[in-house]
Amino acid sequence: MSQYTPPGQMAPHIPADLYQRAQATGQPVVFVVNDTPPAFPWQRLLIPFAFAGAAALGTWGVVAALCWLMDVAAHTATVIAGAAGPVGAGGITLKIFSKK
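This is a predicted model, so every value here is computed, not measured.

### Some words on the overall build of the chain
Then comes step 1: Check the secondary structure of the chain and you find three helices and two strands.
Then comes step 2: Each helix and strand of the chain, placed in order from N terminus to C terminus, yields the pattern α-α-α-β-β.
Then comes step 3: Total accessible area on the chain is roughly 9100 Å²; 69% of this is exposed by carbon and sulfur atoms.

Encoded structure:
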């Protein structure tokens, strides 16, 4: 009932003469796998958390940069308005920063 499989296809670590002898005599071929999986697959959990952490840090970086930019813009507007004095257009004068 078993089909013939060339020695190099199924298990390259078994010598060809032993494999062919087992096939000819009908002896079972037993494959022993010494690979035990870890108790918990940390990689499955670690990669999504790494992406989420990177996204959170990037978002906080953008927020901090926008706050800094708005602070610089507010200071710049204050300096320009203080140096310009009263602002007028069409006979209406608006004094933004009055000195008491």
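Structure shown, so let's carry the discussion forward.
### Re the packing of aromatic side chains
Then comes step 1: Per the stated rule, a full pass over the model turns up one aromatic pair.
Then comes step 2: Both rings, one in Phe40 and one in Trp42, keep their centres 5.0 Å apart while their planes meet at 70°; by these two values the pair is edge-to-face.
Then comes step 3: According to the relative accessible area criterion, Phe40 is partly exposed, its value standing at 36%.

### Let's talk about the confidence of the model for the chain
Then comes step 1: Averaged over every residue, the pLDDT of the chain is 78; residues scoring 70 or more account for 69%.
Then comes step 2: Element-level pLDDT for the chain is lowest in helix α1 (residues 7-10), with a mean of 51, against a maximum mean of 92 in helix α3 (residues 42-84).

### Re a nonpolar patch on the surface
Then comes step 1: Residues Val62, Leu66, Trp68, Leu69 and Val72 make up a contiguous nonpolar surface patch of about 500 Å² in total accessible area.
Then comes step 2: Position of Trp68 among the secondary structure elements: in helix α3.
Then comes step 3: Since its relative accessible area comes to 56%, Trp68 is described here as exposed.

Conventions we followed
- Residues numbered from 1 in each chain as written.
- Predicted model: local features only at pLDDT ≥ 70, side-chain atom pairs only at ≥ 80, totals over all residues.
- Heavy atoms only, no water.
- Helix = DSSP H or I, 4+ residues; strand = E, 2+ residues; numbered from the N terminus.
- Areas by Shrake-Rupley, 256 points an atom, 1.4 Å probe, with all protein chains shown as cover.
- Phe/Tyr/Trp six-rings, centres within 6.5 Å; stacked < 30°, edge-to-face > 60°.
- Buried < 20%, exposed > 50% of the residue type's maximum accessible area, 1.4 Å probe, protein only.
- pLDDT = per-residue confidence, 0-100.
- Patch = residues over 30% accessible without salt bridge, like charges linked within 9 Å, V, L, I, M, F, W, Y side chains within 5 Å.
- Salt bridge = Lys/Arg side-chain N within 4 Å of Asp/Glu carboxyl O.

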